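Commentary on secondary and tertiary structure
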Amino acid sequence: MSTPLASLSSICKSFGSHRVLNCVDLELLPNQVHWLAGENGAGKSTLIKVLGGIHKPDSGEITVAGQQVKFQSPQDATAAGIAVIHQELSVIPSMTVEDNLLLGRQPTTFGFIRTGGARASVMEMLNRLRLAVSPDEMVEKLSMASRQRLEIAKALSLDSKIIVMDEPTSSLSAPEVDDLFELIAELKSDGCAILYVSHKMEELERIADTVTVLRDGVVAGSGASVNVSKSRLVQWMVGREVDEQFPERTCKPGECRLRVKIATSKASESNAITELNVAAGEVLGIGGVEGCGATELLMAIFGADSSFGDLELQVDGNPVAIRSPRDAIAHGLALVTNDRRGNGLVLDLSCRENVVMAVRDRLCHGPIRQLASEVNVSDQFSKQLQVRAASLDLPVAALSGGNQQKIVLAKWLATGPKVLLLDEPTRGVDVGAKQEIYSLINRWTDDGLAIVMVSTEMPELLAMSDRIMVMRDAKFSAEFRTEEATAEAVLWAAISDDPSSNHGEASQSGLAGAVQV
Amino acid sequence: MTQQKPLTPDPQIKPANPSWWLQFVSTPLAKCLFALAMILLIGCLFNADGSFFKFGTHRDTLRQSAVYGILATGMTLVILTGGIDLSVGSVLALAAVTGSMASIHWGWPGYIVFPLVILVGASAGFVSGGLVAWLKVQPFIATLAMMVFARGLAKWVTGGAKVSTAVPQADGSFEYVDVPELFRLIDSRWLYDSVSVVSLIFIVCWLFAAIVLWRHRWGRELYAIGGNVEAARLSGIPVARSTIWAYVVCGGMAGLAGLCQAAQEQQGDSDVGVTYELVAIAMVVIGGTNLMGGRGGLGLTLIGILSIGYLEKILSINAVPEAGRLMLTATIIIVAVLAQRSKTI
């Protein structure tokens, strides 16, 4: 056993009276990927912040390369060779690639920057990560995957040996994830220790060497990943044995609720599927890779985005014109977006305010707010969705990701929709809340709600949909009944130009490896 | 050893336009130049019987824009950090009365008065910057307070009277003194009458700030702070220090602008410079520098300064009344900002 590059021992940290970390031990060995898991609120991000010098631990020791260290600031941690790649990337979009890489340490003479002084080393950094971008390119023009690579390049150029990645795949498409994992393998073989934080269990099997699971601020379990079974892991995370992640679905589709006809020239090419139907009691899953246009389609149906092109909509068989989200709500549509912090919630407002936001007009008497009915409505729907909050008067930002998502769902359920459009309904949500959301989806469809669910998580798509349509390049490329859909087939339709090619070839050429099951 | 794969190009970056010309016209600089060209074209059409084509007109435009231009130059630095400085008009007045009292009443020589006014302005900027960077007061609030305070200080220093060459005596009479050497120098023209000294002061200020912004590491730090303050902090940039320096330089330039103002008026008026900060902000914004910080630059601000300067001049030589001038200027600000808006982002 080699000596650890860094080790944390008996780390405790409290915020006020709330103990977030309680005697946590963690060892990071060279040439290893250490997978850190746990439900939201288990203390993962606090642990990362302690390691990254953002929080100081109340007690406990951090040892880096055999030396005990006490970080006063993030700069201290950087100097000790620890690089944290946060979920919200900390590159500056309005500056060039080179400026970002060299930020704070350009070669200077009397403070004046020497142009070209570091061009060679910048090119070397970009080449090492196989980033084919010009150093003069503005970072805002880069894809998320390239920005992430840029940040890793920055970490490596600081001679960081310990690299912490916080949910690095949350904004990447499947091929981009493959590239990232390849890069992680390279870093590993170069002797780096990688602490990899993620919710996604399928990533565990692909890259992890060691697993540690946090629950309520303590280490619930740890071990070599080959020895840890999936059900064991889930048990550690939630504290109970969970047999299956997805509840059984039975579908009794009723009459057609929503019909969408795409009238763009792009989609009306021969043999393309241009129509989307969803019936009462049915979950229509829309699959595809990140950027396939499914999000834009939902936005367009909801009247929030005109860039997708013209749509012909029918609700309950009647043609309707939806020009704004206001129209959409009036016609019984509801949209849960994939970015609850960005456009799903007003984080600083209370849970109640957020729940009644879309129905306040109906609750008012003329121009006067009816506070009592606002309280009633928010109570009723929060209870129905089992929102766990100390008080609904708290700002919604104080809730965990899973409970925030339930507030978003409550907001839209309060509008009494006929059709619920869900975009990544379980993104950034812990395992327990995920299961609750799945059961809720089942209950709503039993009550006759029609649901369109966009998901890039293959297991979720396969398990929760009654029918699956796959999008690629803002077009539908395939449609499956749920019993005939396989992960390979769906993925093939999502990434290949030729849907008629046989799937066997796909799995032989390694595509099956990319399937996240 | 892992196998080296070829470089993966980023699919999101579109291939470069085939023609450099098409690339150029989509840049902020091109849009900005277009706005200035339009204004100059209007000047050629409405040339007031040829007076627009006289050299003196252009010389005067630059002179009349100089004080605003110095303010806008400093303002650009602050706005790039994502802040704003509302106090420059009041700081200008404070520096104007200080400079006038030192030169006229006390007869101090120019080589002392000149640094003195810069110091006065820089001190005001240091206080604003300290409030913003250390005490985390919002820039709007901090500089609003400084705007009120500096105006009050200017009135207190002068006792509410204008500081002019008619120096009040103890017995209530006035003694008339000469206009100080420094004021005459600043108000004169050099190089065979071809350029005003205030214009030169403005050009030097602009060049100083432009070079620093372009090549000094502090300039890059301002962009980084405005672009993403958290990323800047985590990259080891001294965020507080760099931010305060931006306010200090902005204040210093406001002080210098105050001296120029006093020299041209040959008096220090504590009521001068009201709404100058708004003109300066308008010049920066017309140039296309983003009020959120992180985007823009002094090249753009220069064109913004000239655009407003020329617009004012063209309207005044055509004897457009002030009411019309103000409304037209407002229209141009909106048109220019709309033209700056990029389609892609």
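Residues numbered from 1 in each chain as written. Chains lettered and ligands numbered in written order. Predicted model: local features only at pLDDT ≥ 70, side-chain atom pairs only at ≥ 80, totals over all residues.

As for the overall build of chain B
Basically, it comes down to this: Per the convention used, a helix needs a DSSP run of H or I reaching at least four residues, while a strand needs a run of E reaching at least two, with both numbered from the N terminus. Every radius of gyration here is taken over C-alpha atoms, with the globule rule written as 2.2 Å times N^0.38, N being the number of residues. Partly exposed residues are those whose C-beta has more than 12 but fewer than 20 other C-beta atoms within 10 Å; with 20 or more the residue is buried, with 12 or fewer it is exposed, and the C-beta atoms are placed from the backbone.
The number of helices and strands found in chain B is 14 helices and five strands. In summary, chain B has a C-alpha radius of gyration of 22 Å against a globular reference of 20 Å for 345 residues, a match within 12%. Projected onto the principal axes, the alpha-carbon positions of chain B cover approximately 95 × 55 × 35 Å. Per-residue burial over chain B gives 48% buried out of 345 residues.

As for the overall build of chain A
Let me state the cut-off plainly: Any pair of residues counts as being in contact when their C-beta atoms, constructed from backbone geometry, are within 7 Å of one another.
Each helix and strand counted, chain A has 19 helices and 23 strands in total. Taken over 517 residues, chain A has a buried fraction of 44%. Long-range contacts, defined here as pairs at least 24 residues apart, represent 69% of the contacts in chain A between residues at least 6 apart.

Observations regarding the packing of helix α12 (residues 276-286) of chain B against helix α13 (residues 298-317) of chain B
When two helices pack together, their arrangement is captured by the angle between the axes and the distance separating the axes. Residue and element names in this part refer to chain B. Heads up, the condition is: In this analysis, axes come from line fits to C-alpha atoms, helices being fitted only over the stretch in contact, and the angle between any two N-to-C directions falls in the range 0 to 180 degrees. These descriptions rest on fixed angle ranges, namely under 35 degrees for roughly parallel, over 145 for roughly antiparallel, 65 to 115 for roughly perpendicular, and the rest for oblique. Here is the rule for handedness: rotate from the far helix to the near one, and if that takes an anticlockwise turn smaller than a right angle the crossing is left-handed, while a clockwise turn gives right-handed. Three classes are used: nonpolar for Ala, Val, Leu, Ile, Met, Phe, Trp, Tyr, Cys and Pro, charged for Asp, Glu, Lys and Arg, and polar for all others, with Gly counted as polar.
Running from N to C, α12 and α13 cross one another at 120 degrees; their axes reach a closest spacing of 7 Å. Relative to α13, α12 is oriented oblique. For the crossing formed where α12 meets α13, the hand is right-handed. Within the contact between the two elements, α12 uses Ala-282, Met-283, Val-284 and Ile-286 and α13 uses Thr-301, Gly-304, Ile-305, Ser-307 and Ile-308. In terms of residue class, the contact of α12 with α13 is built from six nonpolar, three polar and no charged.

Details of the packing of helix α9 (residues 217-227) of chain B against helix α11 (residues 239-265) of chain B
All names here are of chain B. Two numbers describe how α9 lies on α11: the axes approach to 10 Å, and their chain directions differ by 105 degrees. One element, α9, and the other, α11, form an angle in the roughly perpendicular class. Two secondary-structure elements touch here, α9 through Trp-218, Glu-221, Leu-222 and Ile-225 and α11 through Val-239, Ser-242, Thr-243, Trp-245 and Ala-246. In terms of residue class, the contact of α9 with α11 is built from six nonpolar, two polar and one charged.

Thoughts on the pairing of strand β12 (residues 210-215) of chain A
Residues and elements named next belong to chain A. The condition that has to hold: For two strands to count as paired, DSSP must find a minimum of two bridges between them.
Counting buried residues along β12, five of its six residues qualify, which places the element largely inside the surrounding structure. Inspection of the sheet shows strand β3 (residues 32-37) paired to β12 by four bridges, in the parallel sense. Bridged to Leu-36 within β12 is Thr-212. With six bridges joining them, β12 and strand β13 (residues 218-224) adopt antiparallel strand pairing. Each residue of the ladder has a partner; that of Arg-215, found in β13, is Val-218. Taken together, β12 and the strand that follows it, β13, pair antiparallel across an intervening segment of two residues, in which Asp-216 is found at a positive phi of about 50 degrees.

Describing unusual backbone geometry
Here Cys-23 of chain A, not a glycine, exhibits a phi torsion of approximately 50 degrees, which is positive. Mapping Cys-23 of chain A onto the fold places it in strand β2 (residues 18-28). The residue Lys-136 of chain B is not glycine, and still its phi comes out positive at about 60 degrees.

Overview of helix α4 (residues 88-105) of chain B
Two residues of an α-helix separated by three or four positions point the same way, owing to the 3.6 residues in each turn. Counted only if it meets this: To estimate how far a helix should extend, the number of its residues minus one is multiplied by 1.5 Å.
With 18 residues, α4 of chain B ought to run about 26 Å at 1.5 Å a step, and its terminal C-alpha atoms sit 25 Å apart, in line with that. Of all the 18 residues making up α4 of chain B, 16 are buried; the element is thus mostly covered by neighbouring parts of the structure.

Focus on the confidence of the model for chain B
In plain terms, the rule: Values of pLDDT, which run from 0 to 100, indicate the predictor's confidence residue by residue.
Averaged over every residue, the pLDDT of chain B is 87; residues scoring 70 or more account for 92%. Across the assembled chains, the prediction reports ipTM 0.71 with pTM 0.74.

Observations concerning the sheet that holds strand β19 (residues 333-336) of chain A
Residues and elements named next belong to chain A. Overall, mixed pairing links the six strands, which are arranged β19-β20-β21-β16-β22-β23 in an open sheet. In this open sheet, the two strands that pair with only one neighbour each are β19 and β23 (475-481). The average angle at which neighbouring strand axes cross in this sheet is 20 degrees, direction not considered. Summarising the sheet, β19 and strand β20 (residues 419-423) pair through four bridges and their orientation is parallel. By the bridge assignment for β20, Val-336 is matched with Leu-422. Running over the sheet, helix α16 (residues 431-446) touches β16 (283-287), β20 and β21 (450-454) and is turned about 150 degrees from β21.

Re helix α4 (residues 119-128) of chain A
Residues and elements named next belong to chain A. Let me state the cut-off plainly: For this quantity, the arc is that covered by the directions from the helix axis to the C-beta atoms.
Looking at α4, one finds that the buried residues are Val-122, Met-125 and Leu-126. Looking straight down α4, one finds its buried side chains confined to an arc of 95 degrees; they lie on one side. Facing away from the buried surface of α4 by more than 90 degrees, the exposed residues are Ala-120 and Glu-124. Where α4 ends, the next residue or the one after it, Arg-130, has phi of about 55 degrees, a positive value.

Section: the sheet that holds β3 of chain A
All names here are of chain A. Taken together, six strands build an open sheet; the order of strands is β6-β10-β11-β3-β12-β13 and the sheet is mixed. Two strands in the sheet have a free side with no partner beyond their single neighbour: β6 (82-85) and β13. Across the sheet, the mean angle from the axis of one strand to that of its neighbour is 15 degrees, orientation sign disregarded. Direction of pairing for strand β10 (residues 162-166) relative to strand β11 (residues 193-197): parallel, over a ladder of five bridges. Across the sheet, the residue bridging to Met-165 is Tyr-196, located in β11. Sitting on the sheet, helix α5 (residues 144-157) touches β6 and β10, and the angle it makes with β6 is about 170 degrees.

Describing the interface of chain B and chain A
A common way to state how big an interface is: give the accessible area lost once the parts meet. The interface is formed by 27 residues belonging to chain B together with 30 residues belonging to chain A. Secondary-structure elements contributing two or more residues to the side of chain B that touches chain A are β1 (8-9), α9 and α10 (229-234) of chain B. Here the element with the most residues in the side of chain B that touches chain A is α9 of chain B; it accounts for six residues.

Overview of the environment of Asp-190 of chain A
All names here are of chain A. Along the chain, Asp-190 falls in the loop between α6 (174-189) and β11. A tally of 14 C-beta atoms within 10 Å means that Asp-190 is categorised as partly exposed. Measuring from C-alpha to C-alpha, the distance between Asp-190 and Ile-407 comes to 45 Å, with 217 residues separating the pair along the chain.

Topic: the nonpolar core
Selection criterion: In this usage, the nonpolar core is the set of buried Ala, Val, Leu, Ile, Met, Phe, Trp, Tyr and Cys residues whose C-beta atoms join them within 7 Å.
Membership of the largest hydrophobic core comes to 173 residues, with the highest contact counts inside it found for Val-164 of chain A together with Ile-70, Leu-71, Leu-92, Cys-260 and Ala-280 of chain B. It is α11 of chain B that provides the largest number of residues to this core, a total of 15 residues. Setting aside chain neighbours within four positions, we find Ala-280 of chain B in contact with Tyr-68, Leu-71, Ala-72, Met-75 and Val-88 of chain B. Ile-301, Ala-334, Leu-392 and Ala-493 of chain A belong to the second largest nonpolar core, which has 76 residues in total.

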